[in-house]
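An overview of the molecular structure
Here is how the chains run, residue by residue.
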Amino acid sequence: MAKRVFTEEERVEYREKMLDAGFDLLKQYGMTHMSVAKITEAAGIGVSTFYNFFSSKEEYVYEVLQYRRRKIPELIRIALNGKEKAGPAETRTYLKMMIDERYSVFPSLTPEDEKRLLEMLPEQVRPDLLKETETSIQFFRHMEGIRPDVNIPLVANLIKVYVLAAEGKEMLHQTVYEVTMDRMRDLILYEIFGRTE
């Protein structure tokens, strides 16, 4: 049987459908139990067609994460709630959204998923200071009152630790989980603004 050749428009359309479906599939099944069959069913294509777009499920999950990252401006707009620039209060709201399963895929990943991504896609998921600095600068454009001496690698690491804590929530004491996360948000806000309110 001849391999199907997709037009460029079809490639974009099917890839977008699969990436869109990834958010809900990750929330529902997690990376481990999300199958290629479930992904392709959501996009309306055959299982073997998946490999015309992605070399592995891990690559697909990485691309879903990148796809969701491109939606950051939309989340920032929600957090701004009509304001032009974010201060600590709006940034706190955005940080909460980062670990809220309604907006983020991170709570659906486990530390084991992160490890698998790192093993399978070391180049893509390895810390990259240049890429993270560019992302941070984009993020900071939406804020006012940023510390002149903001330490971007430190802020990036603190945000990663914050997200990892949300992913490994079941390993933390549940009675103080919310307090813990709020204190972590305070620390991130202090590093960005020099204040928490």
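Predicted model, so just to flag it, every value in this text is computed and none were measured. Every chain is numbered independently, its residues counted from 1 as its sequence is written. Per-residue local features of the predicted model are confined to residues with pLDDT of at least 70, and side-chain atom pairs are confined, for both listing and counting, to 80 or more; whole-chain, interface and lining totals are unaffected and use all residues. As a rule here, side-chain values cover all heavy atoms of the structure and leave hydrogens and water aside.

It is worth spelling out the overall build of the chain at this point. Only DSSP runs of H or I with at least four residues qualify as helices, and only runs of E with at least two residues qualify as strands; both kinds are numbered from the N terminus onward. Broken down by element type, the chain carries 10 helices and zero strands. By its C-alpha atoms, the chain is 65 × 35 × 30 Å across when sized along the principal axes. Exposed residues in this analysis have more than 50% of their type's maximum accessible area, buried residues have under 20%, and partly exposed residues fall in between, with area computed by a 1.4 Å probe over protein chains only. Within the chain, buried positions represent 43% of all 197 residues. By sequence separation, contacts in the chain at least 24 residues apart represent 68% of the contacts at least 6 residues apart. Side-chain charges of the chain comprise 29 positive and 33 negative groups, with the mean position of each set lying 1 Å from the other. Residues count as neighbours in contact if any of their non-hydrogen atoms are within 4.5 Å of one another. Only four residue types enter the charge count: Lys and Arg as positive, Asp and Glu as negative, with His and the chain ends excluded. Just so you know, the charge point we use is NZ for Lys, CZ for Arg, CG for Asp and CD for Glu.

What follows covers the UniProt feature "domain: HTH tetR-type" (unreviewed entry) in the chain. Mapped onto this structure's residue numbering, the UniProt feature "domain: HTH tetR-type" (unreviewed entry) falls at residues 12-72. With 72% helix and 0% strand, residues 12-72 has its two end C-alpha atoms placed 21 Å apart. UniProt positions are given in the numbering used here, feature names are shortened, and annotations may be inferred rather than shown by experiment.

Our focus in this paragraph is the side chain of R185. Secondary-structure assignment places R185 in helix α10 (residues 177-193). Apart from the residues within four sequence positions on either side, R185 is in contact with R92, L95, K96, I99, Y162 and E178.

Turning to the nonpolar core, a few remarks are in order. Of all hydrophobic cores here, the largest spans 30 residues; its most connected members are Y94, Y162, M181 and I192. Within the residue set of this core, elements represented by two or more residues are α4 (72-80), α5 (88-98), α8 (129-140), α9 (152-167) and α10. If near-sequence neighbours (up to four positions away) are discounted, Y94 is found in contact with I72, L75, I76, A79 and F139. Grouped together as the second largest cluster of nonpolar side chains are 25 residues, F23, I39, F50 and V64 included. Nonpolar cores were defined as sets of buried Ala, Val, Leu, Ile, Met, Phe, Trp, Tyr and Cys residues, with membership established by side-chain atoms within 4.5 Å.

For helices, the fitted axis covers only the stretch in contact; all axes are lines through C-alpha atoms, and the angles between them, taken along N-to-C directions, range from 0 to 180 degrees. Packing of helix α1 (residues 8-33) against helix α2 (residues 36-43) leaves a shortest axis separation of 8 Å and a crossing angle of 140°. Helix-helix and strand crossings are classified by hand; for α1 and α2 the assignment is right-handed. Across from Y14, K17, M18, A21, L25, Y29 and H33 in α1, the residues of α2 making contact are K38, I39, A42 and A43. Handedness of a crossing is defined here by the sense of rotation of the near helix relative to the far one, left-handed for an anticlockwise turn of less than a right angle and right-handed for a clockwise turn.

Time to look at empty space enclosed by the protein. In this analysis a 1.4 Å probe is tested at points of a 1 Å grid over the protein atoms alone, and where it fits but cannot get out there is a cavity; an open set with protein on both sides within 12 Å along at least five of seven lines is a pocket; lining residues have an atom within 4 Å of a point. Grid points are joined across faces, edges and corners, and a volume is the space filled by probe spheres set on the points. Enumeration according to the criterion identifies one cavity of 30 Å³ or more in this entry. Estimates place the volume of the largest cavity at around 60 Å³. Along its surface, the largest cavity is lined by I76, A79, L80, A86, E90, T91, Y94, F139, H142 and M143. For the lining of the largest cavity, the secondary structure elements donating two or more residues are α4 and α5.

Before going further, it helps to examine the environment of Y29. In this structure, Y29 sits in helix α1. What makes Y29 partly exposed here is its relative accessible area of 28%. Sequence separation between Y29 and S108 is 79 residues, and the spatial gap between their C-alpha atoms is 8.1 Å. Not counting chain neighbours up to four residues away, the residues in contact with Y29 comprise M34 and K38. Within the structure, Y29 has its side chain in polar contact with the side chain of Q28 (distance 3.2 Å). In the analysis that follows, any N or O atom pair within 3.5 Å is treated as a polar contact, provided that within protein one partner can donate a hydrogen and the other can accept it, and provided that, for residues neighboring in sequence, both atoms belong to side chains.

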